[in-house]
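Topology and contacts: notes
For reference, the chains in residue letters:
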Number of protein chains: 2
Amino acid sequence: MAKEYPELHLDNQLCFSVYTLSRLITQAYQPLLKALGLTYPQYLALLVLWQAEEEGSLPVPVKFLCEKLLLDTGTLTPLLKRMEVNGLVVRGRSSQDERVVQVNLTEAGLKLREQASKVPAEILCRTGLDIAQGEQIKEELSALIEQLDQA
Amino acid sequence: MAKEYPELHLDNQLCFSVYTLSRLITQAYQPLLKALGLTYPQYLALLVLWQAEEEGSLPVPVKFLCEKLLLDTGTLTPLLKRMEVNGLVVRGRSSQDERVVQVNLTEAGLKLREQASKVPAEILCRTGLDIAQGEQIKEELSALIEQLDQA
DNA sequence: GCAGGTTATATTGCAGACAATATAATTGCC
DNA sequence: GGCAATTATATTGTCTGCAATATAACCTGC
């Protein structure tokens, strides 16, 4: 008779729910973003850059993007290079400190914001998600993120 | 004066919380799983196989794993091949239906379950997550997953 | 100033994810 | 029986993620 391991059942694991939901969300965004020539992580990077533009803090160092997105340069450097090839951003060494690479939006990258501004509402519409509920879950997840990000 | 796009701010997006939390969770598992010679998706695949073993339903078709994990063969085929190389599973065509590839656990793959059974508790301990809270969030996320998986 | 540590970014290599396409086996239908 | 549609898996190509390592520029103490 096989001993049972309920703690190892997939359904019991929060980790699996988060992992799956994350991929499903990316898949939900994908067709909308493809129309804008973007991938999902590229879209997230643009969110940071657009907000920096509103706050008058462009250009921003790569390190700033790393911290906001919790991604390292092994991910962001090639991603930003692809976005540069696509004409959305420009990258250049700072003259103050030759170590830092400043990332700035191009005209095209800035202009994309208007089309992108319709994306969040469209996602909610397509997925039929409840906004208020989403807001609450977001708060709960943010607490978990903070906890994990420390450790 | 720059027009503002609050709907495009990173902090406002549930999607970003889920995306980040998913990566942080994977990172939390990583050192524990590395000690077992596993990656996180490989661990998830084993969860399915171990449960199938308990239920006496081994071997299982690749399609079964695809449905449980919500992953396609483009991800699972190479993953299962790596696990086969590592001696955890064996793959073979069904004689009833030559299209289906049956996946079974090896002795080593089965034996790994005992060490892995300590992983979930260890994760909770290390991350300091609240179990009861996690349980509730899991239910909420599962509802979202079902919603997205339909669409 | 300069040696040693720190910082910011880049590079390499590997393992997912997934869209798109391909292929072989099975099934259904007439 | 035979051909079209379906099914199960595989393959290819691109883009993440991330550990590990490398490198050049900065900073610090002495």
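Since the model is a prediction, treat every value here as computed from it, not as a measurement. Throughout, residues of each chain are indexed from 1 in the direction in which the sequence is written. Following the order in which they are written, the chains are lettered starting with A and the ligands numbered starting with 1. Side-chain atom pairs in this predicted model are given and counted only at pLDDT of 80 or more, local residue features only at pLDDT of at least 70, and totals for whole chains, interfaces and linings cover all residues. With hydrogens and water excluded, all non-hydrogen atoms of the structure serve as input to the side-chain values.

**A few points about the pairing of strand S3 (residues 101-105) of chain B**
Where a strand is regular, its side chains alternate between the two sheet faces. Residues and elements named next belong to chain B. Test applied: Exposed residues in this analysis have more than 50% of their type's maximum accessible area, buried residues have under 20%, and partly exposed residues fall in between, with area computed by a 1.4 Å probe over protein chains only. A helix here means a DSSP run of H or I that spans at least four residues, while a strand means a run of E at least two residues long, and both kinds are numbered starting from the N terminus. Any two strands are treated as partners once DSSP identifies two or more bridges connecting them.
Across the two faces of S3 the burial differs, with Val-101, Val-103 and Leu-105 buried and Gln-102 and Asn-104 not buried at all. In this sheet, S3 lies alongside strand S1 (residues 60-61) in antiparallel orientation, the contact comprising 2 bridges. Paired with Val-60 across the bridge in S3 is Val-103. Where strand S2 (residues 89-93) lies against S3, 5 bridges are found, and the strand directions are antiparallel. Bridge pairing in S3 links Gly-92 to Gln-102.

**Some thoughts on the confidence of the model for chain A**
Worth spelling out the cut-off: How sure the predictor is of each residue is captured by pLDDT, a score from 0 to 100.
Residue-level pLDDT values for chain A average 94, and 98% of them are 70 or greater. Predicted complex metrics record ipTM = 0.94 and pTM = 0.94.

**Details of the packing of helix H1 (residues 14-34) of chain B against helix H6 (residues 119-127) of chain B**
All names here are of chain B. Heads up, the condition is: For helices, the fitted axis covers only the stretch in contact; all axes are lines through C-alpha atoms, and the angles between them, taken along N-to-C directions, range from 0 to 180 degrees. Any angle from 65 to 115 degrees is called roughly perpendicular, while one under 35 is roughly parallel, one over 145 is roughly antiparallel, and all others are oblique. Note on convention: near helix rotated counterclockwise from far helix by under a right angle means a left-handed crossing. Clockwise means right-handed. It only takes one pair of heavy atoms within 4.5 Å for two residues to be counted as in contact. Think of it as three bins: nonpolar holds Ala, Val, Leu, Ile, Met, Phe, Trp, Tyr, Cys and Pro, charged holds Asp, Glu, Lys and Arg, and polar takes everything else, Gly as well.
H6 packs onto H1 with a crossing angle of 130° between their chain directions and a minimal axis gap of 10 Å. It follows that H1 is oblique to H6 by the angle criterion. In this structure, H1 crosses over H6, and the sense of that crossing is right-handed. Touching Ala-28, Tyr-29, Pro-31 and Leu-32 of H1 are Val-119, Glu-122, Ile-123, Arg-126 and Thr-127, all from H6. Class assignment of the residues belonging to the contact of H1 with H6 gives a composition of 6 nonpolar, 1 polar and 2 charged.

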